[in-house]
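# Fold and geometry: a report
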Amino acid sequence: MDAIHRSEEISLAQIYLQNEAAYNCVAEMGELGLVQFRDLNADVSPFQRKYVAEIRRCDEMERKLRYLEREIKRDDIPILDTGESPEAPQPREMSDLEATFEKLEHELREVNQNEEMLKKNFVELTELKHILRKTQTFFEEGDAESQVFSELDMTDHAEPTSQLMAAFRYVFTTDSKNSTETERQALDSLNAEESPSHDNARLIQDRGDGTNAKAHLKFVAGIIQRDHLVGFDRLLWHACRGNVFLRQAEITESLSDASGNTVNKVVFIIFFQGDQLKSRVKKICEAYHATLYPCPDTPQERREMSIGVMTRIEDLKTVLGQTQDHRHRVLVAAAKNVRLWMAKVRKIKSIYYTLNMCNVDLTQKCLVAEVWFPKLEEDRIRISLKRGSDESGSTVAPIFHVMQNVKEKHPTYNRTNKFTRSFQNIVDAYGIASYREINPAPYTIITFPFLFAIMFGDFGHGTIMMLFGLFLILREKQLEAARIRDDIFQTFFGGRYVIFLMGCFSIYTGIIYNDAFSKSFNLFGSAWSNSINEKTLHDLISSGGEKILTLEPNVSYDGSPYPIGVDPIWNLADTNKLNFLNSMKMKASVLIGISQMTFGLGLSYYNHKFFQSRLDIIYVFIPQMLFLTSIFIYLCFQIVVKWIAYDYAGGYTKFGYYYPGAGCAPALLIGLINMFMMKDREKGFVVDNTQGSHEYLGACHTNFWYPGQSFFETIFLLIALACIPVMLFAKPYFLWKENQMRTANGHAQLKTVELILLLIALTMIPIMLFVKPLLLRRAHKRRNLARPASREELLSILTDEDSSVRADVNEDDAQVYHYEDTSDKPAGHGHGHGEEFNFGDIMVYQAIHTIEFALGCISHTASYLRLWALSLAHAQLSDVLWSMVFRHAFELDGYVGAIATFVLFFIFAFLTLAILVLMEGLSAFLHALRLHWVEFQSKFYAGDGYVFNPFSFEKILEDARNTEDTQ
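Definitions and limits used
Residues numbered from 1 in each chain as written. Predicted model: local features only at pLDDT ≥ 70, side-chain atom pairs only at ≥ 80, totals over all residues. Heavy atoms only, no water. Axes fitted to C-alpha atoms, helices over the stretch in contact; angles between N-to-C directions. Helix = DSSP H or I, 4+ residues; strand = E, 2+ residues; numbered from the N terminus. Parallel < 35°, antiparallel > 145°, perpendicular 65-115°, else oblique. Left-handed = near helix turned anticlockwise from the far one by under 90°. Contact = heavy atoms within 4.5 Å. Nonpolar A, V, L, I, M, F, W, Y, C, P; charged D, E, K, R; others polar. UniProt positions renumbered as here; feature names shortened; annotations may be inferred. Pairing = 2+ DSSP bridges. Buried < 20%, exposed > 50% of the residue type's maximum accessible area, 1.4 Å probe, protein only. Disulfide = S-S within 2.5 Å. Expected span 1.5 Å × (residues − 1). Salt bridge = Lys/Arg side-chain N within 4 Å of Asp/Glu carboxyl O. Polar contact = N/O pair within 3.5 Å; in protein donor to acceptor, adjacent residues only side chain to side chain. Phe/Tyr/Trp six-rings, centres within 6.5 Å; stacked < 30°, edge-to-face > 60°. Lys NZ or Arg CZ within 6 Å of the ring centre and 35° of its normal. Bend = angle between axes of the 7 residues up to and from the residue. Patch = residues over 30% accessible without salt bridge, like charges linked within 9 Å, V, L, I, M, F, W, Y side chains within 5 Å. Areas by Shrake-Rupley, 256 points an atom, 1.4 Å probe, with all protein chains shown as cover. Core = buried A, V, L, I, M, F, W, Y, C linked by side-chain atoms within 4.5 Å.

For the rest of this paragraph, the subject is the packing of helix H22 (residues 577-610) against helix H29 (residues 894-936). Packing of H22 against H29 brings their axes to within 10 Å, and their N-to-C directions diverge by 50 degrees. With respect to their mutual orientation, H22 and H29 come out oblique. For the crossing formed where H22 meets H29, the hand is right-handed. From H22, Gln596, Met597, Phe599, Gly600 and Leu603 reach across to H29, where they touch His932, Glu935 and Phe936. Among the residues forming the contact of H22 with H29, the class breakdown is 4 nonpolar, 3 polar and 1 charged.

Here the focus is the UniProt feature "transmembrane region" (unreviewed entry) in the chain. Under the present numbering, the feature "transmembrane region" (unreviewed entry) in UniProt falls on residues 450-474, 495-513, 588-606, 618-645, 657-677, 715-735, 755-775 and 895-919. Helix makes up 100% of residues 618-645 and strand makes up 0%, while its end C-alpha atoms are separated by 37 Å. Within residues 657-677, the helical portion is 48% and the strand portion 14%, while the C-alpha atoms at the span's ends are 24 Å from each other.

Here we have 4 strands laid out as an open sheet, ordered E4-E7-E3-E8, and antiparallel in their pairing. Each edge of the open sheet is held by one strand with a lone partner, namely strand E4 (245-250) and strand E8 (291-293). Recorded for the sheet is a direction-independent mean angle of 30 degrees between the axes of neighbouring strands. Packing against the sheet, helix H4 (residues 93-140) makes contact with strand E3 (217-225), E4, strand E7 (265-273) and E8, and its axis sits at approximately 55 degrees to E7. In this fold helix H10 (residues 275-287) packs onto E3, E7 and E8, with an angle of close to 160 degrees to the strand it touches most, E7.

One non-glycine residue, Asp76, lies in positive phi territory at about 55 degrees. Relative to the assigned elements, Asp76 resides in the loop between helix H3 (52-74) and H4. Of the residues examined, Asp76 reaches a relative accessible area of 67% and is grouped as exposed.

Here the focus is the state of the cysteines. Throughout the structure, instances matching the rule amount to 1 disulfide. The disulfide partner of Cys664 is Cys700, and the S-S distance across this bridge is 2.1 Å. Across the S-S bond of Cys664 and Cys700 the torsion is about -90 degrees, and the bridge reads as left-handed. Of the two residues, Cys664 sits in the loop between strand E13 (657-659) and helix H24 (668-677) while Cys700 sits in the loop between H24 and helix H25 (709-785), which places them 36 residues apart along the sequence. Considered together, Cys664 and Cys700 belong to a single accessibility category, that of buried residues.

Given a rise of 1.5 Å per residue, 14 residues ought to cover 20 Å, and the 21 Å separating the end C-alpha atoms of helix H2 (residues 19-32) matches this to within 8%. Among the 14 residues in H2, 11 count as buried, and that is most of the element. Burial in H2 covers these residues: Ala21, Ala22, Tyr23, Asn24, Cys25, Val26, Ala27, Glu28, Met29, Gly30 and Leu32. Buried residues belonging to H2 abut strand E1 (10-18), strand E2 (36-37), helix H12 (338-355), strand E10 (366-374), helix H13 (378-392) and helix H30 (953-966). Within two residues after H2, Gly33 carries a phi angle of roughly 70 degrees, on the positive side.

Now for the pairing of E3. As defined by bridge partners, E3 adjoins E7 across 9 bridges and the pair is classed as antiparallel. Counterpart to Val220 in the pairing with E7 is Ile270. By the bridge criterion, 3 bridges tie E3 to E8 in an arrangement that is antiparallel. Residue Ala221 lies in a different strand from E8, and its bridge partner there is Tyr293.

This part covers the pattern of salt bridges. Counted according to the given criterion, the structure contains 35 salt bridges. With a shortest N-O distance of 2.9 Å, Glu31 and Lys347 are connected by a salt bridge. Here Lys347 lies in helix H12 and Glu31 lies in helix H2, a separation of 316 residues in the sequence. We classify Lys347 as buried; its relative accessible area is 1%. For Lys418, the salt bridge is made with Glu476, and the minimal N-O distance between the two is 2.7 Å. Of this pair, Lys418 sits in the loop between strand E11 (399-403) and helix H14 (421-430) while Glu476 sits in helix H17 (residues 476-482), placing them 58 residues apart in sequence.

In this section: the environment of Met466. Among the secondary structure elements, Met466 is positioned in helix H16 (residues 459-474). As a C-alpha pair, Met466 and Tyr497 span 31 residues in sequence and 9.5 Å in three-dimensional space. Not counting chain neighbours up to four residues away, the residues in contact with Met466 comprise Phe500, Gly503, Cys504 and Ile507.

The topology assignment puts Gln424 in helix H14. You can call Gln424 buried: its relative accessible area is 6%. A distance of 2.8 Å separates polar atoms of two side chains, one belonging to Gln424 and the other to Asn439. If we ignore the near neighbours within four places in the chain, the residues touching Gln424 are Asn414, Thr416, Asn439 and Ala441.

This part takes up the packing of aromatic side chains. Per the stated rule, a full pass over the model turns up 53 aromatic pairs. Between Trp705 and Tyr706, the aromatic rings sit 5.1 Å apart at their centres with planes inclined by 75 degrees, giving edge-to-face as the arrangement. Given a relative accessible area of 14%, Tyr706 falls into the buried group. Lying across the ring of Tyr67, Arg109 places its NZ or CZ 4.1 Å from the centre.

Turning our eyes to something else, we now look at helix H15 (residues 441-456). In this model, H15 (16 residues) spans 22 Å end to end at C-alpha, consistent with the 22 Å of a helix rising 1.5 Å per residue. Of all the bends in H15, the largest measures some 25 degrees and sits at Thr447, one to four residues before the proline Pro449. Within H15, 12 of the 16 residues are buried, which leaves the element mostly enclosed by the surrounding structure. Among all positions of H15, only Ala441, Tyr443, Thr444, Ile445, Phe448, Pro449, Leu451, Phe452, Ala453, Ile454, Met455 and Phe456 are buried.

On the surface, Ile622, Leu626, Phe711, Phe712, Ile715, Leu718, Ile719 and Leu721 cluster together into a nonpolar patch covering about 680 Å² of accessible area. Elements with a contribution of two residues or more to the nonpolar patch: helix H23 (614-645) and H25. Among the elements that make up the nonpolar patch, the one with the highest residue count is H25 (6 residues). For Ile715, the position within the fold is in helix H25.

Moving on: the nonpolar core. Phe627 and Phe685 are the most contacted members of the largest nonpolar core, which totals 68 residues. A per-element tally of this core places H23 first, with 12 residues. Not counting the four nearest positions on each side in its chain, Phe627 is found in contact with Phe632, Ala720, Cys723, Ile724, Phe853, Ala854 and Cys857. In this structure, Met29, Phe37, Tyr352 and Trp372 belong to the second largest nonpolar core, which totals 58 residues.

Written out as structure tokens, the structure is:
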């Protein structure tokens, strides 16, 4: 029984492990996942622990495996992940894994380096191929070059610079078929580009004639990115003062750089004259990251170079393909094992990390570990330790010693499965349960969906939510395998069983409310009938007016309630529908809320009983229960009695008072206020309590409605008030009294101890007086009989009482050890009963607890009215959405009506899912969460524990996998 309602019993044990068996034993503990290791070296830096070198080796292996994973993902190679957990490798396998990873990384880096170099060469050769092609086209268009220079000879008085530029323009614009037109364009260019002033700053000096300029003409060719071309051309023109000529042609095909990115490039050729311009042109090309390539001057050399380039490109393609194939084969082989290797490395690392938490004994031959473990699993833990020792070949079995009377705070361990885990997470989000206190999660499985459904009650909306949860449950294996890491989806998927139960309970409450998308279903026939005669209806129709008609319950209601839920006739009652539903839901909320608070208070009794806290039972639980019963359970009793005893018609006697009708039904809220005010009121409902009388006695709904009500309410109020000082002062007083008695007993015992010590001291006087001289005398006689010995040696032997001889079985000699008494000595006259008693702290804590409970009962009861408020809001929103959206589709006929129905249905469905199911569902979920955390759990749940976190390979690998997926 306790295994369900309380956390499991946890024990603390010491494990003594031989060095050679420690690794295998810890590995078995990791596979078992039932022990939590304590860090016995918390004050030691992580870099100073015993196995720090092994952990660094594991980090290095992890780095290499991550590098392999990146390369595999870059090539879009699927990584085989079977989800299987391999066994932890033996320590001797660690070197083999390191060698394998080192070989793979070295091979892969070498292949990548070669591939990068080959790609770079391929890009350069491809660019050179395009340069040779384009420049060949440039020079083929210069067939009229000789004609230009001959024409320049006739212009002796023209400036050489202008002649050169005209020649450039002519060379690259002349067509052999229309040389006359080209000559005319060259002449126009010559006249247009003449500079009005010429000074010594010109970069091209006068050389006499055009033939001399032709002889000294030079050029460079290269590749530049198309985006840089405009700025490159502008800077080139300004920096060289117009003394260069640029010709460019775009490469139609896209080229790839060494990193694999696609870029658009342009071939250019620049003509200039002189070394000074050549140097400046090269600097500008370097600034714009333009690549210059050698280009022969003659067509024959260009053709030969082009053929050689094409041959080298084909060879590079072959070598590059082989390199990529080899790299692909290496990565495919690694992809089959990389997940397996990563799991092994993480297991090795976690084992050594755990071993670093162990302490090393003085002989350096075994490790000492302290672990928390579930007491029920002790046999399995011992078997695992024995299995690990056998695998290591150790001749000494591990020692598993369970420690008794541990005063340290124990961790809390609640077993969960995939169904209960989400509900346990709801509880743990408020706070981890204290060790062995009642766990609210089993009760939350029922109460949480039920409170949610009260606020969300709708058959249609509940069905949608239930089907969504059912889909997640039925497809949970496929969805887990898909490894969808979206945070919102993970939230819904983790709470799939909560969503399913919330939907099921909402369907139930929707049936109780008889509400499905704001509509009611008349399945069993209404118990109400039309009691208005036809003449009244005919006269109303004839007059053409409107009048609100009311069905009298004593006439129209046949007395048999609807079989389940609310009668559907109330869906048609526009006038008093809300009044009826508000009254019903508000009273139901109060009943459910006080019932849950009472249940939570009852659970606190079992907590006090389990921890054997008699003071808490007598002076906390009983006063709290009396306080709650005197006011709030009494209110619930009145609600139930009013529902059962009184109806609309009246005309009968109840509890000795004649009840005339609905107008005198007891007003419970006003009655509760009058109870606190101890206000005197009339007794009964009518004057003289006469049968059939309709002369009301004052405000009859506020009068006493059962005999002795004033007496009982006064008693209840006095009991409630009397409970407050009991809760406030009783427990602190008895704790103080117990401490005083313990202190008095301690002083009495101290007097006895002092008397005994006095007697011992008196006895020691003759010992100190006579023993040493007698021993000296005996030693003197021995010295005379045996070899002589000095007095100093004798005194050193006699007085060295703290020396002892200890032989080490693993050494050939013996050693003398000096023992120093390090036992704790009492610093004063402490009582030895734990912490010092502080009455002030206890009193303050109890005062806070009492005030919180007394005021909390009132505020928590009011807080449960949110069940009524949210249920009303949800129903009204559903009604508004139906009447304002979907109902208009039924007001149209024909094709227009069909189209409107189709369109408005999807609008209605979208708004229903977005607002009523998602947003309203989230709101109801948060309110149900608050009711459980504050109103329910505060009655019995401390929540100041810490979770049991066992060393488990499964959890370690799962956390690492989740971390990788989120990156």
